[in-house]
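# Chains, contacts and geometry: an overview
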Amino acid sequence: MTFRPAVERLLAVIEKSRQIAVSLPNGVPNVAAVHVRLGEAIPALAGEPLIDYPTLTGAVTFLGADVAPLRYFFDEATLCETALAATWDTMPRKAYGELITLVEFAVRPFLRAGYAAVRESITASNWTRGTCPSCGVLPLLAELRADKEGHTRILRCFRCTAAWPFPRLGCPACR
């Protein structure tokens, strides 16, 4: 069994997702609401309407798929919210795994644009949770950076590209 076709398809999707034109709606993200959410240990972009259904549909179509099968599980607004929050737990992943992956790649440029808009607020918030301060998912990786105090562990989000400090000892998921 070879994984080459799947890897080649994924690399093509990643490259195409970088070409998705991003324009966030006016007033999104709401910076005042971002400060409140971060103060309450809620991710900065939680609930922000970074993408609407026609834009999501267009982005997924650009990546080579149709979101119509997901309409069985979600109305338009809920699909956008689910895609932004990565809360796919109600979906039968075996049947729709590739489509969910394409939707995930379609929303990432919007999450990255949202993060860019709230980066300073996140830095000022002194976020201490193990989940992304921007979009709320668990980090993909951690790195150690040498600094004047020794080493700092930096967690990195694979969806929105956020990076935030986290204690060197302890699991981000359960502390």
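Before reading on, note that the structure itself is shown above.
Presented here is an overview of the structure given in this document.

Conventions we followed
- Residues numbered from 1 in each chain as written.
- Predicted model: local features only at pLDDT ≥ 70, side-chain atom pairs only at ≥ 80, totals over all residues.
- Heavy atoms only, no water.
- Salt bridge = Lys/Arg side-chain N within 4 Å of Asp/Glu carboxyl O.
- Buried < 20%, exposed > 50% of the residue type's maximum accessible area, 1.4 Å probe, protein only.
- Pairing = 2+ DSSP bridges.
- Helix = DSSP H or I, 4+ residues; strand = E, 2+ residues; numbered from the N terminus.
- Axes fitted to C-alpha atoms, helices over the stretch in contact; angles between N-to-C directions.

### A look at the pattern of salt bridges
- Counted by the stated rule, this structure contains 7 salt bridges.
- One salt bridge in this structure joins Arg71 and Glu76, with 3.5 Å as the shortest N-O distance.
- For Glu76, a relative accessible area of 36% corresponds to the partly exposed category.
- Residues participating in the shared-partner salt-bridge network are Glu143, Arg145 and Arg156.

### A short note on the sheet that holds strand S3 (residues 163–166)
- The antiparallel open sheet is built from 3 strands, whose spatial order is S1-S2-S3. Every interior strand has two partners, whereas the edge strands, strand S1 (141–147) and S3, have only one. The average undirected angle you get between the axes of adjacent strands in this sheet is 35 degrees.
- Across 4 bridges, strand S2 (residues 150–156) lies against S3 in antiparallel orientation. Bridging across to S3, Ile154 finds its partner in Pro165.

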